[in-house]
Each structure stands twice: as C-alpha cells, then as structure tokens.
Amino acid sequence: MSTETTAGPSEAGPDLSCSHCALPVPASLVEADSDLQFCCHGCRAVYAMIHDQGLGRYYDLIGEDEERGLPARTTGRSYEEFDDPSFHELYVRPAAGGLLATDLYLEGVHCAACVWLVEKVPVRMAGVAEARLDMRQSMARVVWDPAAVQLSTIARFLDALGYAPHPFRGVQAREMRRREDRRLLIKIAVAGAAAGNVMMLAAALYGGMWHGIADEFETLFRWVSLVLALAAMWSASVFFRGAMGSLRARALHMDVPITIGIVAGFGWGVWATLSGQGEIYFDSVTALIFLLLVGRYVQQRRQRSAADAAELLYSLSPSSARLIDAGTVRTVPLEALVPGMRVEVPAGDSIPVDGLVVAGRSDIDASLLTGESRPEHVGEGDGVHAGTLNLSSRIEVQVLAAGENTRVGRLSRLVEESALRRAPVIRLADRISGVFVAVVLALALLTLLIWWRQGAGVAVDHAIALLIVTCPCALGLATPLAVSAAIGRAGREGILIKGGDALERLSRPGRVLLDKTGTLTEGRMELVRWWGDESLKPLVRQVESQVAHPVASALVRGLPEVEAEPEIEVERSADGSGVRGRVAGRDLNIGSPAHVEQLTGPLTETVAGIVRGYADEGLTPVLIACDGSVAAAAGIGDPLRPGSAAAVDELREMGWHVGVLSGDHPGVVAALARRLDIPPEDRQGGATPEEKLRVVERAAAEGSVVMVGDGVNDAAALSAATVGVAVHGGAEAAMAVADVFLTREGIEPLGTLFLGARRTMNVIRLNLIFSLLYNVIGAALAVTGLIGPLVAAVLMPLSSLTVITLSYRARTF
Amino acid sequence: MSVIYIVLPLALIFVIIALVVFARSVRSGQFDDLETPSVRILHDDEEADREDRS
C-alpha cells in the first residue's frame, strides 16, 4: 500500500513524504530501498497498527486533505477510569440483549476515512456489537458486551487509531433536543402535506370561480379543505404556544401577528364553509404555516450545531483523577472523589480538586482561575485549587473539596445567578412586529367600517383579505433565515455563535472588555527580553534544560538549540530561586536578582537599571552570572499575542471602546495596556472574579458591553455582559456561559465577528423593509377592495421568496 | 364525476399512510444526522477487505 511514496532510492531526500502523515521525511530517516517512508517512529507505529488491523484502505479514503499534514495523535492513556463503577453509573446505559451502550466524544474526527475507521471497530474487536459515528458532532455510539470486552480496551483501541475518546456529559440535554427536533419535523410534514393537498383543491375551486362548479363538489372540496387545514392547525400549535408566552410576558413578538393571521384566516374559512358563502382561505393559511415552520426548523438546526460544537469542547476537560489508594495509584472518574482522599497530580496535568499539598513541591499555573500569569511556587502544606495547572513536578494532594464545592464549582454558581439577572433583549423583529400588529388590526377595523355600508359579508371579506395579505410570513422568515445563514458561515470561520440574538447585540459598537492572560497574551511564560553576552545563550539553555521550572522551560523555548555539551553539572538552589551549572568549563549562576546578588555582591548601576526596567514592563527578571559576575539578564513574561495589537486597533476603528479587565497584577496589566494604547481609566488589574462581575454589570447598566475572556474567573463576567465571548483554550465554565465561542486562538476573529454581526443586521433590516413594503402595497390594495383572495395568495409567497433569496445570497461572514 | 367521492378519500388515505411512514422514519432517527450517511456509502467493500486480511 503505497500512496505518494513510489520514489526510488536515487530520489532520497527532502522530497519524500511520510507514508502515514505526508510530512517530509528527514534525510537521516530515509530508508533507501523501501516503498514506505516515515517521518518519525510514531507514524511508523500507527501505520503498522492500521495495517495489522487490516484497515489499510484508510489511506485510500483519506484523500488529499489539508489535515493530512497532521500525524495521528495518540495519548497512550490507559483509560482505566472507563471501567470504574462510578463511570458506568454516569455515562453508560444498558442496551438490548444484556449489552451496554455509551456515547464517546472523539477528538480529531474530520473526514470520511474517520467514519470508516471508527465504524470498523466491531469487525476488528470481539465483543463490540456496534460503533456508529456522527461525523458532524464527532460523537461515536458504542455498544459492547461487558462479558467479552471492557470499555477501557475499546477506548485504548480508539486512542491508538488517533481518536482520543472522552465521555460525553450532556447526553440528556441532547436527547431532549433531539426529540424536540423530531417533533418539529413531523409537524412540518403534516403542515406540508396539508398545504399541498389544500392547494390542489384550491386550484379546483379557483377554476370553478371562472368556469363554474357544481355546488355539490364545491361544498365537498371546502369540507375536505377544512379537515386538512385542521391538521395544519395542529402543526401551528408551535406559534400559538409562543404567542401565549409572549402575551403572558407582556412583550409582543413575532408569534403574535402570526397567530392572529392564522387564526383569523382559519376562523373565517370555517365560518365560510359552515355557512356556504364567502371565501375560504385554507390554502393561504396552510402554506403560511408550512413555510414558517420550515424557517424555524432551519434556524433551530443551525443554532444547535453551533451549540453542540461548543458543548462537545467541554467534554474535553479532564474528567479523571489519579487516586492514591493503599499505596497503589488508580485512575478514577472525578465524581468518585470525596474529601480526605489523596490524589496524585503528575507534572503537566490540571489539579482535579481543592486541597492541600502533602508531598512534593511544584509550580502552579493558576491563570485560568485567577488571571495571574506568573506561576506560583507551592510546597507541602500549601493550598491548591481545582482547575489550576501543575507545571513542574509531581505532587500529592489531600482532597479538601471536590466537584460542586470547589472554588471553581462555587464560581459556576455565581455564573448561573448572574445569567439569570441579565435583562432580556427585545429583538428588532419583535419590536417591529409589536407596531405591526397594532397597525394591521387598526387597518382591518378601518376596512370593516369603510365597507360596512355595502353589507356585512363584503366588509368581512375585505377585512380578511387584508389580514391574509399582510400576514407576516416574510416578516416571520426574515430574521430566522438571515440569522441561520450567518451562523452557518461564521462557524466555518471558527466563530461559534450559540444564539441568534447575540448577533443583534453585537451589531452596534459599545464597550469591549478584554481579559489579559490567555486572551490578549499567549497565556504562558516566554523569554521576551535579553540583555548582555549573546555567547552565553546556548550555555544557559543547556543548564536550564536540566531543570523543571516554568522559567527554565521559557528559557529553553526561547534560546537557540545547539549540540549538547557532554559534561554538564547542574544544581538547583534549595529555595528554588536559582540554579548553578558548570558547562564548557564555565561556571553559571542563573536566578532571581536577589539570589544572584547574594553570590556576586551588589549589582552594578546598569544591571540594577535593567532589572527595574524589566519589572516596569511586567516581566520577571532573571540574572545570569558567569564566573562570578553578572554577564546577562533575561526578561521572562507572558507575551502579547502577535495579532493582538492589530486586532485592538481594528476594534477601535470600528468604533468600539476597548478596555482591559484582568486578574493579574496591576503592574503587569498597566505595562501591557500601555503597549496597546489603552488609557489608565480603561484598565483594571488585580480583579477577583466577583470584581470582574461588578465592573461588567456596572458597564452593562450604561450600555452594551462585550466581555472577552477565557478563564473560570471570567465566566461570571461573561454571563453578565451583553454578549460574552470565550476564546480558544479557555476553561469549561467560560465556554458554557459565553454566547460566542472562538475556535481560533487570540482575538483576531473579534473584528470579523463584529463586522459579520453588522452585516447580518443589515440583511435583516433589508428583509424587513421588503416584507413590509409588500405588506403596505397589499394592504393598500385590500383596504380599497382592489384585490381578491387570488392576488393576495400570489403576493404572499412572492414576498417570502424575496426574503429567502436575500438571506442566503447576502455576504455576512 | 361521482367517482370523486371514492378518489378523494383514497387520496387522503394515501396522504395519511405517507405521513405515518415519515413519522416512523423520523422517530427511528433517520433525520438526526444528515452528514455521516453520505460518506458511509463509501464503505461497501467489507468482503474484499476481509480476504485481504486472511
């Protein structure tokens, strides 16, 4: 099975691409006389595994996708928590025949080949009865026989294929939504069947108007139409319920005029049928119901897919912990933890609980929880919080609180409360429809009065013609269609919009409050400044590469790589503030200014000035002493993302008032705000989550405010803001409450989002203008009695058609 | 024209049958995922695949 690699040995070189991932193969790994070439051992292993399983056709199906450049990412985890009873209780449900079923969210699903690989699991693995993958949602339903195979084995198999599985947490909510979707679909079918058949009967009746029709058949057709319309009325219950809710809330929205139109048309039709005189409007009424339901379904489905995508991302956050139980470590689901237990947290993992460190020392990145960018050093007896990241070495933590009772859990409650307090926004279409209903009812009354002298029958006939022709079909379709088209396009740009009304609220400029750590900045320590002897860089890198510390890893990432010196001696100081190393015959001391000062004596004026300068910039200064005197200095900090400054300028140009709201040290925030030209009154540092919430609530009282953030500490503020935007890589809580979620890193998509929102609103306005125009013309003709039911019936779908075309052709995102 | 008294109810019965069939297909989940089935048709070579392996 060779794909692109048919090259012979003579062509060996960078032109060869890996048989698995299609990346170029490094010259040192090229195998001279083999059809298969691999860029790394990982790819070789995955290739062998896929082949051994008889799944080689994967390479035919995968095609020339741009994603092809990415090698399969396997985590190699054991997934033993998938077999834990508490895991089963939460995520596994019984299936027919003594089997078990669960939904797993798979990372890295993107093409036809993925579906094929995953759905082949039952063929390759005894005991797995079924594996079905929903590609759009990256969700696999697995049914297996617990007697023959364990879930963790299946999980490891999927992981080995490159699809790391995660338990899916929102099964019930999704099931509810699915049932709702299905009900709506059935209603659409009933309304559509009724509309189609009523239309056929109506054609016969209209024909009869001109060429005559036997009374007997006219009555029959009218009665059959009535029965069919009755079925469509059942479908229209969606609007009736909405209208009732709107009246109860004393806020008129779109469902009210729709309901009035439908009920008036239907009521008059029933009366005409019973009395045997006047027009029946069943054809218009049923077509109206059908079209409006379709519009609603389209919008619902689009919003769902955006919400689903965001929801799936929460499933990625860690759901297991390493429990230390009688000397052995086993992986358990988070839900199984109770206070008093001890858990192990390896370096690089996030801490699952609130607790006390009982063994080991490490550095903790609490930026998601507090916004602070500098890591915090912890040792035995120090408290740590759930949701923070253990950076440098393994620690053991005694559980003080787990789940809901952790600081993160309490913050989530704060978030829920603030979300409830948010003032409801009255949508543009709803505002217009309120006026619209009043005007239409007044006009209908006027028509009735004008024509009353000609007889009650004629008057009512004209009034009903008015109600039909003004029935806000286009008005009802205007918003949902434009919004769903925009949400769909935004999704392809990496902007997930969970609710249509966010677009309306984003269309007019207001204030934007940006979080700092992880939003404007990279969210991790990097080497930002270097002063002094350049020749020391490689040596410093080698010394620091021996040390696990966030500052050390920042130096390693930021300094150039060289051939390793064979002899290095490295020794860390007891308090963790410095490191001493001997390399290439030179004696290096690297550490905080205080630490280095102790070894070299007082700092010179130049060095002290540089240290102060770094501190002013919000950087952590690190001094490097070589053979007893300070030779270089490095400034470590959380650097601005490359695109942030340009993005902030773009927002200002669009008329937004930009501010920074951060939990990090005020000095760091001020230094960063200066670089972005944000004036002192618009920057706030050191804000706790509660303070952030207060600031946003105060700003929201004055006007629209958009909060952009990524951390748990931003979540409450996100939910209180007019629109909350969560950025890539953020915490689960932030994603859950935000109205908009950016799947690309950084804040560059914000400009696109605001521009798209404005364009979408323009499309909606245009839609509303067109549909109102049709209505005004139609109404004028109806009031003057110039149009009968036939013209009204033609005019109505014409306006809807205009709106549909406008919505889907317009450029929004 | 009195045939209409037979044909019309018959047509309505057909409509009802179609609706019932549609409702069943919706309830069985056929319309929940509209994307994956379109790629699933590519996977029809299971037999040949098994021979490969043996």
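None of these values were measured; they are calculated from a predicted model. (Residues numbered from 1 in each chain as written. Chains lettered and ligands numbered in written order. Predicted model: local features only at pLDDT ≥ 70, side-chain atom pairs only at ≥ 80, totals over all residues. Heavy atoms only, no water.)

Quick word on the overall build of chain A
Our working definition: Helix and strand definitions here come from DSSP, where helices need a minimum of 4 consecutive H or I residues and strands a minimum of 2 consecutive E residues; each element is numbered from the N-terminal end. Summary of the burial criterion: residues with accessible area below 20% of their type's maximum are buried, those above 50% are exposed, and those between are partly exposed, where the area comes from a 1.4 Å probe applied to protein chains only.
On a plain count of helices and strands, chain A comes out with 29 helices and 27 strands. Counting every position in chain A, which comprises 813 residues, the buried fraction comes to 53%.

Brief notes about the overall build of chain B
The line we're drawing: Shrake-Rupley sampling with a 1.4 Å probe provides the accessible areas, and residues are treated as covered by the protein chains on show and by no other component.
If you tally the helices and strands in chain B, you get 3 helices and 0 strands. Helices and strands appear in chain B in the N-to-C order α-α-α. The burial tally for chain B puts 24% of its 54 residues in the buried class. When the accessible surface of chain B is totalled, it reaches about 4,000 Å², and 65% of it is carbon and sulfur.

A few points about the interface of chain B and chain A
One frequent convention defines the size of an interface as the accessible area lost when the parts assemble. We count it as follows: Any two residues whose heavy atoms approach within 4.5 Å are treated as being in contact. Accessible area that two parts lose when put together, with a 1.4 Å probe and added across both, is what the buried area reports. In the sections that follow, a salt bridge refers to a side-chain nitrogen of Lys or Arg positioned within 4 Å of a carboxyl oxygen of Asp or Glu. The definition of a polar contact used here is a pair of N or O atoms within 3.5 Å, where within protein one atom must be able to donate a hydrogen and the other to accept one, and adjacent residues in sequence count solely through side-chain atom pairs. Charged residues are taken to be Asp, Glu, Lys and Arg, nonpolar residues to be Ala, Val, Leu, Ile, Met, Phe, Trp, Tyr, Cys and Pro, and polar residues to be all remaining types, Gly included.
Listed by partner, the interface residues are 29 residues for chain B and 33 residues for chain A. Buried surface at the junction of chain B and chain A, both sides included, amounts to about 2,900 Å², of which 61% is carbon and sulfur. One can count 2 salt bridges joining chain B with chain A. Measuring nitrogen to oxygen at the nearest pair gives 3.3 Å for the salt bridge that ties Asp32(B) to Arg178(A). Put simply, chain B and chain A have 5 residue pairs in polar contact (both at pLDDT 80 or more) between them. Listing elements by their share of the side of chain B that touches chain A, those giving two or more residues are α1 (4-27), α2 (36-40) and α3 (46-53) of chain B. A per-class count over the side of chain B that touches chain A returns 14 nonpolar, 5 polar and 10 charged.

Quick word on empty space enclosed by the protein
Counted only if it meets this: Any residue with an atom within 4 Å of a point lines the site, the site being either a cavity, points on a 1 Å grid over the protein atoms alone where a 1.4 Å probe fits but cannot get out, or a pocket, an open set with protein on both sides within 12 Å along at least 5 of 7 lines. Grid points are joined across faces, edges and corners, and a volume is the space filled by probe spheres set on the points.
Applying the stated criterion across every chain, the model contains 6 cavities of 30 Å³ or more. Its boundaries defined by the atoms lining it, the largest cavity holds a volume of some 200 Å³. Residue lining of the largest cavity: 16 residues in total, with Arg136(A), Gln137(A), Arg178(A), Asp181(A) and Asp32(B) positioned closest to the centre. Here the element with the most residues in the lining of the largest cavity is helix α7 (residues 171-211) of chain A; it accounts for 6 residues.

So, the packing of α7(A) against helix α8 (residues 215-235) of chain A
All names here are of chain A. To keep things clear, this is the line we draw: Orientation is described by lines fitted to C-alpha atoms, with helices fitted over the stretch in contact, and by angles between N-to-C directions that extend from 0 to 180 degrees. Oblique is the label for any angle not covered by the other classes, which are roughly parallel (under 35 degrees), roughly antiparallel (over 145) and roughly perpendicular (65 to 115). Left-handed describes a crossing in which the near helix is turned anticlockwise from the far one by less than a right angle; the clockwise case is right-handed.
Between α7 and α8, the least distance of the axes is 8 Å, while the angle of their chain directions is 160 degrees. Looking at the two axes, α7 sits roughly antiparallel to α8. Seen from above, α7 lies across α8 with left-handed handedness. Of the residues in α8, those touching α7 at Ile 186, Lys 187, Val 190, Ala 191, Ala 194, Asn 197, Val 198, Leu 201, Ala 204 and Leu 205 are Glu 218, Phe 221, Arg 222, Val 224, Ser 225, Leu 228, Ala 229, Ala 231, Ala 232, Trp 234 and Ser 235.

Topic: the confidence of the model for chain B
Residue and element names in this part refer to chain B. For the record, the criterion: pLDDT expresses how confident the predictor is about each individual residue, on a scale running from 0 to 100.
On average, residues of chain B score 78 in pLDDT, and 74% of them reach the 70 mark or higher. Summarising per-element confidence for chain B, the mean pLDDT is lowest in α3 (45) and highest in α1 (93). Every residue in residues 47-54 is under pLDDT 50, and counting partners more than four places away or in other chains gives 9 contacts. In the predicted assembly, ipTM is 0.83 and pTM is 0.66.

Quick look at a nonpolar patch on the surface
Filter applied, for reference: Candidate patch residues must exceed 30% relative accessible area and have no salt bridge, after which like charges are joined if within 9 Å and Val, Leu, Ile, Met, Phe, Trp or Tyr side chains if within 5 Å.
Together, Leu10(B), Ile13(B), Phe14(B), Ile17(B) and Val21(B) make up a nonpolar patch on the protein surface, roughly 490 Å² of accessible area in all. On the secondary structure map, Ile17(B) appears in helix α1.

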